[in-house]
Amino acid sequence: MSSTHTDCHYCLQSLRGRKYALREENAYCVTCYDSLFANPCEECKQPIECDSKDLAYKGRHWHEGCFKCAKCSRSLVEKPFAAKDELLLCTECYSDEYSSKCFHCQKTIMPGSRKMEFKGSSWHESCFVCQYCRQPLGTKPLITKDNENYCVPCFEKQFAHHCYSCKKVITSGGVTYHDQPWHKECFVCAGCKTQLSGQRFISKDEYPYCVDCFSKLYAKKCAACKKPITALGGAKFISFEERQWHGECFNCAKCSVSLVGQGFLTRQDDVLCHECGSA
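Note that the coordinates shown come from a computational prediction; the quantities given were computed from them, not determined experimentally.

### Section: the UniProt feature "domain: LIM zinc-binding" (unreviewed entry) in the protein
Stage number 1. This chain's UniProt record puts "domain: LIM zinc-binding" (unreviewed entry) on residues 39-99, 100-161 and 220-279.
Stage number 2. Between the first and last C-alpha atoms of residues 39-99 the distance is 33 Å; the span itself is 13% helix and 26% strand.

Written out as structure tokens, the structure is:
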């Protein structure tokens, strides 16, 4: 290097006929420059001398020959790479170690390529398709059955039931009544229209009724208390000459003793025990 500088700025030795390096307009012999300013290499820990190429990344430095993948040792000079936990990796090794695998094809989703996320799994955009028509699902509405994804039109064609009441497609849930599918919101009392899903109900002429409506419309009335007899839950009732009583209401009209399982006498509309009937 030819220059007007004649002496090393640090050791003051003559630079005539010697290599030197400039820093902030000052000339240094190679030895002084390396000891004062050379960066240590991240890989080999040796100084990167002024006549070597210094490769820098995020404040760290490498010799050209030391700038390589931490896993496969291939050179990263002028090649794409990724950093993980301060280690440099080529894109292939980074993908093998850290990139997501496609739920469908199980191949790596390479960094920079578009991926779809669904139910905690990752997919190639080209793999995230309707199982039936094979068209990309993207961000369209979809329905999953047996771990396969379907666009809504294909699912309805292949699997969906139609509500017995409104005739529309049941896409999820639903209720089965008399071997027919119903939307939960369509399965209502035939009387008051209250939703019956998860509630007790009584069937009459193939229609469901809540207990209150059935009692009001169809249940026989107790001859004693005049309240409906629904016989729900195995409740006992007594029937005699077209009249009915709750088990707990079938008592002697005079002394109130229970007549359930006992002999009794009738007097007009009353039922009496033998003792009261014979008095």
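### So, the pairing of strand β4 (residues 60-63)
Stage number 1. Here β4 shows a buried face lined by R60 and W62 and a second buried face lined by H61 and H63.
Stage number 2. In terms of strand pairing, strand β3 (residues 54-57) meets β4 through four bridges, oriented antiparallel. Across the sheet, D54 pairs through a bridge with H63, a residue of β4.
Stage number 3. Counting the residues in the hairpin turn of β3 and β4 gives two residues, including K58, whose phi is positive at 50°.

### A short note on the domain arrangement of the protein
Many authors give the size of an interface as the accessible area that is lost as the parts come together.
Stage number 1. By domain assignment, the protein separates into domain 1 (20-93), domain 2 (98-159) and domain 3 (236-278).
Stage number 2. A separation of 72 Å is found between the C-alpha centroids of domain 2 and domain 3.

### Considering the pattern of salt bridges
Opposite charge on two side chains lets them pair, provided their charged atoms get close.
Stage number 1. In this structure the tally under the stated criterion is five salt bridges.
Stage number 2. Here E42 makes a salt bridge to R60, at a shortest N to O gap of 3.9 Å. Taken together, the residues E42 in the loop between α1 (30-37) and β3 and R60 in strand β4 connect sequence positions 18 residues apart.

### A word on the nonpolar core
Stage number 1. In terms of nonpolar packing, the biggest core is built from 15 residues, with C102, W123, F128, C130, L137, C151 and F155 touching the most fellow members.
Stage number 2. Going through the elements one at a time, β10 (148-151) and α3 (152-158) are the ones with two or more residues in this core.
Stage number 3. With residues up to four places along the chain from it excluded, the contact list for F128 reads M116, F118, W123, P136, L137, G138, L142 and N149.
Stage number 4. V175, L196, I202 and Y209 belong to the second largest nonpolar core, which has 14 residues in total.

### Structural notes on the environment of R16
Stage number 1. Locating R16 in the fold gives a position in the segment before β1 (20-23).
Stage number 2. Each C-alpha atom of the pair R16 and H5 lies 8.6 Å from the other, and the pair is eleven residues apart in sequence.

Rules behind the numbers
- Residues numbered from 1 in each chain as written.
- Predicted model: local features only at pLDDT ≥ 70, side-chain atom pairs only at ≥ 80, totals over all residues.
- Heavy atoms only, no water.
- UniProt positions renumbered as here; feature names shortened; annotations may be inferred.
- Helix = DSSP H or I, 4+ residues; strand = E, 2+ residues; numbered from the N terminus.
- Buried < 20%, exposed > 50% of the residue type's maximum accessible area, 1.4 Å probe, protein only.
- Pairing = 2+ DSSP bridges.
- Domains from an automatic or database assignment.
- Salt bridge = Lys/Arg side-chain N within 4 Å of Asp/Glu carboxyl O.
- Core = buried A, V, L, I, M, F, W, Y, C linked by side-chain atoms within 4.5 Å.
- Contact = heavy atoms within 4.5 Å.

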